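Architecture at a glance
This is what each chain is made of:
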Amino acid sequence: MFLKIHLNRFLTCAFLLLVISIWVFSPASSRGELSAPQSPRIFDLRIKILFLGFDRNLIDIDYMKWLLPSYDVRSDFRVNFTFTYTFQFSPDSLTRSFANYLRSIEEREKRNNPFLDKDTANYFYDANSVEGWLYSNRGSYGDLPQDGYAAIVANLKDLPTPHYYRVRYRDIDLGGEFGASNRNYWMVGWGGHHRFYYIDMSAGPHEGSYQHQPLWRFSLGGTAYDAIWLTTYLSQVIEEIVWNLFAPEALYTPPLSDRYQIVIFVLDDDTEVDLARTLNEGAVRRAFEELVPYAAWEIKTTFASLRRYPELRQVFQNSFDAEDKAYALQSVRSYIEGHLSEFIRGSPGIVVLPAFAFVLSQNRGMGPLEKWKVRPIAGQAPGKAIYAFLSVTTTKSDGIGFTQTIIHELGHLMGLRHPHQYGASGTFVASAMSYTQNEYIFSIFNKDFVARTQADILMAELESKIQELEGTLLLRKASPSVRGILDEVRHTYGKSLQAYGSMDYSSAVQEAKNALDKAKKALQETKNLTTLAEELDRLSNEVVVWRLLTIGLMAGLISLIVLTVYLWRRAPIVRAVQSVPPRR
């Protein structure tokens, strides 16, 4: 019995020591404090650089490795990128084969070259056909990296000069054609349908920029200085491609949801334009369903006159500058964002992306930026909503509608930047985000960015939940059910990491979502588990009961001993009394 009492006292002290040690050494988040920062995930992005038509003696690979970015820290999403480069020089046979293909699709046009400022013979190659040839023949240059990107840098000295790449576009709303006056007609590179980007350093000139002057304008010998200059020049171009396309940063954090709703208002300022023809809802939906294929997309469009919204129309009228013939965008924005709930009715669990498009009368523009007074179409995505503007002249004479601009600006709300954000080398890409194109789709680089960043967001939250769950289980009585769910969470998270590493970002998002849902379920179940404090109280109560029983038993034992001693001592007296003969 005494052994039982001491054992219970030992167990009580042991549990107290356990709780104190857990409190001291458990994560701070389980104690209601700010948790220590978690170590970021490290993701190695492989980048292959293929040189076509270059003299390998004029490119210092070691120096180029030193010049190119080697890592990027994304602290907001708890992930760090490291860049691993491989370099390859194509055999002369491949360069000749490629050049022969280009000559076979070559188109010669004599016209004014805006970058040479004179009439001259110009040579053009269809950009999509070039991209298709390079992809189809990827086996001849060692294929593309399975878990990375490739930059194909060409110097095609045998092609005529000046030569360019181009894509012809026609506005899908009102049929306007984007001809030789547009930048998509005069390109020096192309990419976006596959995970590589092609740039021709012998093409151009373009935009009068030093970074895009063709190499035939420079006299390169075989000196060490020539090698340093060319290596530096090419490194600058490749670095722009890396930051613009392969590893771009977010403009805004991409909103994460299973359901999105695009709400578009197309409003007319007494122009008599057929508003329904200025927007192709199907093209908008397709663009975003391809950008985020693991979510549902819905579009709601309202076509109306500004007269339907008298307060907003009054804001337009009050902000008009007669000298500049422009409305003040800031006034319009302030009113709409201050009354957004009057235009849009949100629903729980649905991310709403608002868009306001205005057809302006009398060839008026929108200020205060000068470009909006002279450009036929403009837009802005400040964060809460996007705004697009067309003059009536643009819609009627130029045949341009809103669809491309709305896709572009809504792309900003999904976190996408321009592909010329860090230099113009990456701007020639099949993406609605490019200023040089009139695409109605997003590039593979855009799709990778959104899914990768959303996976980063989910994984950061998931890691916190796993840490919280492990800390919680330390303070609660073991549950096979919850620990089984935790094992499932870890397994599903591992599948997400595996998909992420192979650049299957859509699967990484879905697996991370599944793991996060399971982690939240497990945390909910832990609320019903007995805490160590409750278990300690129960054991303490048991100790009290045992103490009372022990005291009772001891009291009974002592009473029995006293009674026994009393009876034992009294026994001789009883016997003596019993031996005395009775009186007669």
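Before reading further, recall that the structure is shown in the block above.
What comes next concerns the included structure. Treat the numbers as computed from the prediction; the structure is a model and nothing was measured.

It is worth spelling out the nonpolar core at this point. Ranked by internal contacts, the top residues of the largest apolar core, which has 133 residues, are F51, F54, L134, Y165, F246 and F288. Excluding anything up to four places from it in sequence, F51 contacts I59, I61, M64, F87, Q88, F89, S90, V153 and L234. Ranked by size, the runner-up nonpolar core spans 23 residues in total, among them L312, F316, L329 and I336.

Turning our attention to the packing of aromatic side chains. Enumeration over the complete set of coordinates arrives at 35 aromatic pairs. A centroid spacing of 6.2 Å and a plane angle of 85° characterise the contact between F115 and W186, whose relative ring orientation is edge-to-face. Of the two residues, F115 is situated in the loop between β4 (107-113) and β5 (118-126) and W186 in the loop between β9 (177-178) and β10 (189-191); the sequence distance between them amounts to 71 residues. For W186, a relative accessible area of 1% corresponds to the buried category. An aromatic cluster of three or more residues is present, and its members are F98, Y101, Y125, W133, Y165 and Y198. Directly above the ring of Y500 sits R41, whose terminal nitrogen or CZ lies 4.9 Å from the centroid. One cation-aromatic arrangement involves R166 over F124; the distance from NZ or CZ to the ring centre is 4.3 Å.

Here helix α7 (residues 310-319) has its buried residues at L312, R313, V315, F316 and S319. With its buried residues spanning 155° around the axis, α7 presents them on a single face. Exposed residues lying more than 90 degrees from the buried face of α7 are P310 and N318.

Across all of its chains, the model carries 24 salt bridges by this definition. For E107, the salt bridge is made with R166, and the minimal N-O distance between the two is 3.1 Å. One end of the pair, E107, is in strand β4; the other, R166, is in strand β7 (residues 163-166), with 59 residues separating them in the sequence. The class for E107 is partly exposed, based on a relative accessible area of 31%. Two residues, K518 and E488, come together in a salt bridge whose shortest N-O distance is 3.9 Å. Taken together, the positions of K518 in helix α15 (residues 505-526) and E488 in helix α14 (residues 480-501) put the pair 30 residues apart, joining distant regions of the chain. The class of K518 is partly exposed, set by a relative accessible area of 28%. Here E488 falls in the partly exposed class, since its relative accessible area comes to 42%. The network of salt bridges with common partners includes E107, E109, R111, R166 and R168.

Conventions adopted
Residues numbered from 1 in each chain as written. Predicted model: local features only at pLDDT ≥ 70, side-chain atom pairs only at ≥ 80, totals over all residues. Heavy atoms only, no water. Core = buried A, V, L, I, M, F, W, Y, C linked by side-chain atoms within 4.5 Å. Buried < 20%, exposed > 50% of the residue type's maximum accessible area, 1.4 Å probe, protein only. Contact = heavy atoms within 4.5 Å. Phe/Tyr/Trp six-rings, centres within 6.5 Å; stacked < 30°, edge-to-face > 60°. Helix = DSSP H or I, 4+ residues; strand = E, 2+ residues; numbered from the N terminus. Lys NZ or Arg CZ within 6 Å of the ring centre and 35° of its normal. Arc of directions from axis to C-beta. Salt bridge = Lys/Arg side-chain N within 4 Å of Asp/Glu carboxyl O.

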